Every structure is written in C-alpha cells, then in structure tokens.
Amino acid sequence: DGRGPSIWDTLCRRPGAIHNSETGDVACDHYTRFRDDVDLMQRIGLGAYRFSVAWPRVLPLGIGRINEPGLDFYDQLVDSLLAANITPWVTLYHWDLPQGLFDRGGWLSPEIPAWFAEYTRVVVDRLSDRVTNWITINEPQIFVGLGYREGKHAPGLKLSMKEQLAAAHHVLLAHGRAVQVIRERARSTPS
C-alpha cells in the first residue's frame, strides 16, 4: 500500500544477516487483520494498546510525499480501538528508519532531528484529535547499541565510539524536536 523500505527490510535481505534469511514481510499481518486483532483485544479486556507507527508507511522516503493509504490504516486502527473502548498509545519510532533516510546518513546525519520532527508533525496532525498518549522513540539504547555498535540489528553497522555517540546525540535531539511538535500541535491532551 505504498510503504517504503526500511533499514530492517534491507538488513533482512543481506545474506547471512538474519537466521534462515527470514523477513518480516508478512509476520502477523496486523495491517490487514487489525479489526480481528482489536476484537481479540476487546474480548480479553485490554484497556490500552501500544502500537508503533511505521515511519516508511507514512513517509515512504522518510520526508516529503505522504502515503495516504498508510495514514488511513492508522486512522482506522485508532477508530477501531476507541470504538472497542481501548486507549491507543502511539510509538512514533520503533527501529524502522526509512531506507531513504539511512542513505542520506540516517541517525549519523545532523539533519535527522528535523526529519523526525517533520514525520512527527504528519502523524500528530492526523491522529491527535483522538490520540492523547505519545511515545517518541522506543529504546534508543538498544537500536543504537545493537544497530550501530554490534551490528546485530538494523542497519547492521559496527561503528567507532565517536560515530555511536553522534547517532545517540541525534536520537536525543530528535526526541526533543518531536516533544516540541507534540506540545505545539496535539489537539487532545492526556487526561
């Protein structure tokens, strides 16, 4: 539905990088089964559901053109959750950097806080009339450590300490920029 490739898509296709060369191309297929998933959540009595928005699903290249079918999916998911009396908790970044941004330096680029702010603005503008709970970046120490130091997670790099610290610094700046966007643009506030 127009999603762009992420650094995980690229890593999964690197020979020997992933056990059995497995990918997440289909996985649990939440994208097409979300209504069934929400029904299940309601049946087991969940009061909240934390999910991650896929940056490359919203902005296939990471910046620029918006993928409307991707945003429509999140609209429908949020509406389904609310109809089932389940509070949505949105995580903006869960390790799926758009490949297009990685090709421009990714977390090593001093431009990435602005890129992340643009993405945050798109998502907040679309969902904040119904979403009040935001998580900016999931476990930065894990994706920086395993992706930029150990090379076990995407993007699969083994960088110098100086480069790792630059990536971590940019992650923190991106978090700060995202918080500013949420505070300035969110239409609903937490209860």
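Keep in mind that this is a model prediction, so the values were computed, not measured. (Residues numbered from 1 in each chain as written. Predicted model: local features only at pLDDT ≥ 70, side-chain atom pairs only at ≥ 80, totals over all residues. Heavy atoms only, no water.)

Undergrad: Would you mind showing me how to read empty space enclosed by the protein here?
TA: Rolled over the atoms, a probe as big as a water molecule pinpoints where empty space is left. Using the criterion set out here, one finds one cavity of 30 Å³ or more in the structure. Considered as a void within the structure, the largest cavity measures approximately 30 Å³ in volume. What lines the largest cavity is Ile7, Trp8, Tyr93, Trp95, Phe143, His153 and Ala154. Split by residue class, the lining of the largest cavity holds six nonpolar, one polar and no charged. (1 Å grid on protein atoms, 1.4 Å probe; cavity = no way out; pocket = protein on both sides within 12 Å on 5 of 7 lines; lining within 4 Å. Points joined across faces, edges and corners; volume = space filled by probe spheres on them. Nonpolar A, V, L, I, M, F, W, Y, C, P; charged D, E, K, R; others polar.)

Undergrad: I keep staring at the pattern of salt bridges and nothing clicks. Help me out?
TA: Proximity of charged atoms lets side chains of opposite charge pair with each other. Tallying each qualifying case throughout the model produces 14 salt bridges. The salt bridge involving Arg13 is made with Asp25; its shortest N-O contact spans 2.7 Å. Separated by twelve residues along the polypeptide, Arg13 in the loop between α1 (7-12) and α2 (30-43) and Asp25 in the loop between α1 and α2 bring together distant segments of the chain. Asp25 sits in the partly exposed class, given a relative accessible area of 46%. Note that Asp75 is salt-bridged to Arg126, the shortest N-O span being 2.6 Å. (Salt bridge = Lys/Arg side-chain N within 4 Å of Asp/Glu carboxyl O. Helix = DSSP H or I, 4+ residues; strand = E, 2+ residues; numbered from the N terminus. Buried < 20%, exposed > 50% of the residue type's maximum accessible area, 1.4 Å probe, protein only.)

Undergrad: Would you take a moment to explain a nonpolar patch on the surface for this structure?
TA: A contiguous nonpolar patch, built from Leu40, Ile44 and Leu46 and spanning about 270 Å² of accessible area, is present on the exposed surface. On the secondary structure map, Ile44 appears in the loop between α2 and β1 (48-52). (Patch = residues over 30% accessible without salt bridge, like charges linked within 9 Å, V, L, I, M, F, W, Y side chains within 5 Å. Areas by Shrake-Rupley, 256 points an atom, 1.4 Å probe, with all protein chains shown as cover.)

Undergrad: Quick question: what am I supposed to make of the packing of helix α4 (residues 68-83) against helix α6 (residues 112-127) here?
TA: When two helices pack together, their arrangement is given by the angle between the helix axes and the distance between those axes. Between α4 and α6, the shortest axis-to-axis distance is 10 Å and the interhelical angle comes to 45 degrees. Taken as axis vectors, α4 and α6 run oblique relative to one another. Handedness of the crossing formed by α4 with α6: right-handed. Residue-level inspection shows Glu68, Leu71, Asp72, Tyr74, Asp75 and Val78 of α4 in contact with α6, the latter providing Val122, Arg126 and Leu127. Partitioned by chemical class, the residues of the contact of α4 with α6 number five nonpolar, no polar and four charged. (Axes fitted to C-alpha atoms, helices over the stretch in contact; angles between N-to-C directions. Parallel < 35°, antiparallel > 145°, perpendicular 65-115°, else oblique. Left-handed = near helix turned anticlockwise from the far one by under 90°. Contact = heavy atoms within 4.5 Å.)

Undergrad: Whenever I open this one, the packing of aromatic side chains confuses me. Can you help?
TA: Here the distance between the centres and the angle between the planes together describe a pair of aromatic rings. With the rule as written, the count across this model stands at 14 aromatic pairs. Geometrically, the ring pair formed by Phe34 and Phe73 is edge-to-face, given 5.4 Å between the ring centres and 85 degrees between the ring planes. Placement of Phe34 in helix α2 and of Phe73 in helix α4 is noted, with a sequence separation of 39 residues between them. Using a relative accessible area of 3% as the deciding quantity, one classes Phe34 as buried. Ring centres 4.8 Å apart and planes at 70 degrees place the aromatic pair Phe73 and Tyr74 in the edge-to-face group. (Phe/Tyr/Trp six-rings, centres within 6.5 Å; stacked < 30°, edge-to-face > 60°.)

Undergrad: Would you explain the pairing of strand β2 (residues 87-93) in this entry?
TA: Within a regular beta strand, the side chains point alternately toward one face of the sheet and then the other, so they alternate between its two faces. With five of its seven residues buried, β2 lies for the most part within the structure. The pairing of β1 with β2 spans five bridges and is classified as parallel. Pairing of Phe51 across the sheet is with Val90, part of β2. Note: β2 against strand β3 (residues 133-137), four bridges, orientation parallel. Looking across to β3, one finds that Thr91 is bridged to Ile135. (Pairing = 2+ DSSP bridges.)

Undergrad: Teacher, can you tell me more about the environment of Gln42 here?
TA: Residue placement: Gln42 occurs in helix α2. Along the primary structure Gln42 and Asn85 are separated by 43 residues, whereas in three dimensions their C-alpha atoms are 7.8 Å apart. Residue contacts for Gln42: discarding those within four places in its chain leaves Ala84 and Ile86.

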